[in-house]
Amino acid sequence: MYYNSTQDKSKSVASAQAIAQGISQDGGLFVPESFPQLTADELKGMLKMSYRDRAKLIISKYLTDFTQEEIADCVDSAYTVEKFGSANPAPLAPVSYNGAELNLLELWHGPTCAFKDMALQILPHFLTKSLKKVGGGKDAVILVATSGDTGKAALEGFRDVEHTKIIVFYPVDGVSAMQKHQMNTQQGDNVYVCAIRGNFDDAQTAVKRIFTDPATAQILDEHNMMFSSANSINWGRLLPQIVYYISAYCDMVNMGKTALGEKINITVPTGNFGNILAAYYAYEMGLPVNRFICASNSNNVLTDFIRTGVYNKNRDFYTTVSPSMDILVSSNLERLLYTLSGNNDAETKGYMDALKSEGRYEVSDSIKTKIQALFWGGYADENSTRATIHDLFEQQNYLCDTHTAVAVSVCDAYIRETGDNTPVVIASTASPYKFSKAVLGALNRGEMPESEFDMVDRLHEITGAEVPAPLASLKGKTARFGDVTDKEDMQGVVLRALGIEA
Ligand SMILES: *Cc1c(COP(=O)(O)O)cnc(C)c1O
């Protein structure tokens, strides 16, 4: 299995190279040259398997330059009961909402309480093995731009991993108090955290620029280091996400919610388009899916895109209660366009160039038709998001976070608008306690306490929902980091954090 760049498919690398490098030198993203197929028999065989065995089978179809032992080692080190609380790190929770059954795929039982752990607990293992194969003895410098959850999950995944250093940038006013405290208290000798004055897109753009700047690469090279990425542009992030959709399908069959071979719908609260793309890749492998419901918050650039074929980031940016989805440039959409254009690198590059120069592009009729046959886009504004948290709790005594609420709200709208009653899985992407202020506010139960931790306690009193240990233990930890920088200075911050510049 080789991987091509979406913007120059003459570039062809093995998975270790794709993972170590993160992004192609031409600025394109690595995609598998074709999708390995999952036969009906294989899917049937997986029904009886543990999550880890399902993961090993799926991952081995893609990392063909890894041995079975290496893959098993990665999977067994990542998805432990100790880290995820159970042998199934991604359990399904069926709830009934406004009369429809929704199956919430809880992806937040890991160490940082967001779905990012599903990928970022295994990525460091993929990466250290990849570096042994292709890194030439260099240390990897992981640069991360985060809208909140990736940063903490990456810090936790990479902390004290040998031959790696990790630097995280987050928008100073764009993350929740809990997210900020999670990152600023991070332990580990190879970690550095810095806020930037700007939004997530500013952080992501600057990181991409530093990343692809030949002069900076040269400086790192002289110090025996190389950049790598833990953002969802890295193939090693997407691959583990394919696993849980296939695993969820198996669980749906085992729970009698669908018959083997029958189609399901999948709803994903979407920001950078990584999580929903992984679901689409599962479909390309043969997973029976009828529709992907792409849920956005008020930053609804994807809703408009799916409905019109025009992607236009020239619009107001909103800071919402679902900050991990406050994104106007959804990087992984590039990979979908590449596949839907029939692996046309020139066409994909054309769209991305237009996005860079004009902030806008319009896809071909052929792509638009394919997208609309498979995807449905909708968004939930702040009021609908809050109302959904409130109503789901009132109806089912089930507490969901703001991002999951966006997905539930959009899925509910989809069902009412289309009458489609295909069994549906909804990606539930964070613990409600990670966004206590907004979640508690949505429940509308009297006065709000002052501190985020008191809100956690209050939320627990009201709902009885268990507070995840990693969040409970944050109380009383002192911050190690607190720097804020301008986006123009990020490159200097990186070089100083690496000890290259004084
Ligand atoms: C990152 C994140 C999302 C968005 O996922 P993408 O892969 O960027 O589309 C949604 N919800 C939560 C809680 C997240 O952390």
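Since the structure is predicted, the reported quantities are computational estimates derived from the model, not experimental observations. (Residues numbered from 1 in each chain as written. Predicted model: local features only at pLDDT ≥ 70, side-chain atom pairs only at ≥ 80, totals over all residues. Heavy atoms only, no water.)

Caption draft 1: Local environment of the overall build of the protein. What the protein contains, in helices and strands, is 23 helices and 16 strands. Against the 2.2 N^0.38 benchmark of 23 Å for 502 residues, the protein shows a C-alpha radius of gyration of 21 Å, consistent with a compact globule. Seen through its C-alpha atoms, the protein measures out along the principal axes to roughly 60 × 50 × 45 Å. Looking at the 502 residues of the protein, the share that counts as buried comes to 62%. For the protein, the exposed area adds up to about 18,100 Å²; of that, 46% sits on carbon and sulfur atoms. Charge-centre separation for the protein: the mean point of 45 positive side chains lies 2 Å from the mean point of 60 negative side chains. (Helix = DSSP H or I, 4+ residues; strand = E, 2+ residues; numbered from the N terminus. Rg over C-alpha atoms; globule rule 2.2 N^0.38 Å. Buried < 20%, exposed > 50% of the residue type's maximum accessible area, 1.4 Å probe, protein only. Areas by Shrake-Rupley, 256 points an atom, 1.4 Å probe, with all protein chains shown as cover. Lys, Arg positive; Asp, Glu negative; His and termini not counted. Charge placed at Lys NZ, Arg CZ, Asp CG, Glu CD.)

Caption draft 2: Geometry of the sheet that holds strand β11 (residues 289-296). Strands sit in the order β4-β5-β15-β10-β11-β14 across an open sheet of six strands; the sheet is mixed. For this open sheet the edge positions go to β4 (92-97) and β14 (375-379), each flanked by a neighbour on one side alone. On average, adjacent strands in this sheet sit at an angle of 25 degrees to one another, irrespective of strand direction. The pairing of strand β10 (residues 264-269) with strand β15 (residues 424-428) spans three bridges and is classified as parallel. What sits directly across from Thr-267, in β15, is Ile-426. (Pairing = 2+ DSSP bridges. Axes fitted to C-alpha atoms, helices over the stretch in contact; angles between N-to-C directions.)

Caption draft 3: Examining the packing of helix α3 (residues 51-62) against helix α4 (residues 68-78) more closely. Between α3 and α4, whose axes approach to 10 Å, the crossing angle comes to 135 degrees. The angle between α3 and α4 places the two elements in the oblique class. For the pair α3 and α4, the crossing hand works out as right-handed. Counted together, Arg-52, Ala-55, Lys-56, Ile-59 and Ser-60 of α3 and Gln-68, Ile-71, Ala-72, Val-75 and Asp-76 of α4 form the full contact between these two elements. Residue classes in the contact of α3 with α4 are distributed as five nonpolar, two polar and three charged. (Parallel < 35°, antiparallel > 145°, perpendicular 65-115°, else oblique. Left-handed = near helix turned anticlockwise from the far one by under 90°. Contact = heavy atoms within 4.5 Å. Nonpolar A, V, L, I, M, F, W, Y, C, P; charged D, E, K, R; others polar.)

Caption draft 4: Main features of the site of the ligand. Lining the immediate surroundings of the ligand are 15 residues, of which Lys-116, Asp-149, Gly-271, Asn-272 and Thr-429 lie closest. Lys-116 is positioned such that a nitrogen or oxygen atom in its side chain is 2.5 Å from an oxygen atom of the ligand. Relative to its free-state accessible area of 380 Å², the ligand is covered by the protein chains to the extent of 98%. (Near = heavy atom within 4 Å. Polar contact = N/O pair within 3.5 Å; in protein donor to acceptor, adjacent residues only side chain to side chain.)

Caption draft 5: Broad picture of the sheet that holds strand β3 (residues 30-32). Strand order in the open sheet made by the three strands is β2-β1-β3, with antiparallel pairing throughout. With partners counted over all chains shown, the strands left at the sheet margins are β2 (8-13) and β3, one partner each. On average, adjacent strands in this sheet sit at an angle of 40 degrees to one another, irrespective of strand direction.

Caption draft 6: Region of the structure containing the pattern of salt bridges. Within the structure shown, the criterion is met by 22 salt bridges. Across the salt bridge formed by Lys-11 and Asp-26, the nearest N and O atoms sit 2.9 Å from each other. Here Lys-11, found in strand β2, pairs with Asp-26, found in the loop between α1 (15-21) and β3; they are 15 residues apart in sequence, far enough to count as distant. Accessibility expressed as a relative area gives 28% for Lys-11, which makes it partly exposed. Overall, the relative accessible area of 26% leaves Asp-26 in the partly exposed class. Through salt bridges with shared partners, one network takes in Arg-52, Asp-53, Lys-56 and Asp-76. (Salt bridge = Lys/Arg side-chain N within 4 Å of Asp/Glu carboxyl O.)

Caption draft 7: Geometry of the packing of aromatic side chains. All told, the structure shown has 22 aromatic pairs when counted by the stated rule. Taking the centre distance of 4.7 Å and the plane angle of 50 degrees together, the rings of Phe-35 and Tyr-281 count as tilted. Taken together, the positions of Phe-35 in the loop between β3 and α2 (40-46) and Tyr-281 in helix α13 (residues 274-284) put the pair 246 residues apart, joining distant regions of the chain. Here Phe-35 and Tyr-281 have matching classes, each one buried. Between the aromatic rings of Tyr-62 and Trp-235, the centroid separation amounts to 5.4 Å while the plane-to-plane angle is 55 degrees, which identifies the pairing as tilted. Pair noted here: Tyr-62 is in helix α3 and Trp-235 is in helix α12 (residues 235-254), with a separation of 173 residues, a long-range link. Assigned by exposure class, Tyr-62 and Trp-235 land together as buried. Among the aromatic residues, those joined into a cluster by ring pairs are Tyr-3, Phe-35, Tyr-62, Trp-235, Phe-273, Tyr-280, Tyr-281, Tyr-283, Phe-292 and Phe-375. Cation over ring: Lys-133 sits above Phe-66, and NZ or CZ is 4.9 Å from the ring centre. The ring centre of Trp-376 lies 5.2 Å from the NZ or CZ of Arg-307, which sits over that ring. (Phe/Tyr/Trp six-rings, centres within 6.5 Å; stacked < 30°, edge-to-face > 60°. Lys NZ or Arg CZ within 6 Å of the ring centre and 35° of its normal.)

Caption draft 8: Fine view of the side chain of Asp-401. Mapped onto the elements, Asp-401 comes out in the loop between α18 (382-396) and α19 (402-418). For the buried residue Asp-401, which engages in no salt bridge, the nearest side chain bearing the opposite charge is Lys-434, 9.0 Å off. One polar contact links Asp-401 to His-403, side chain to side chain, over a distance of 2.6 Å.

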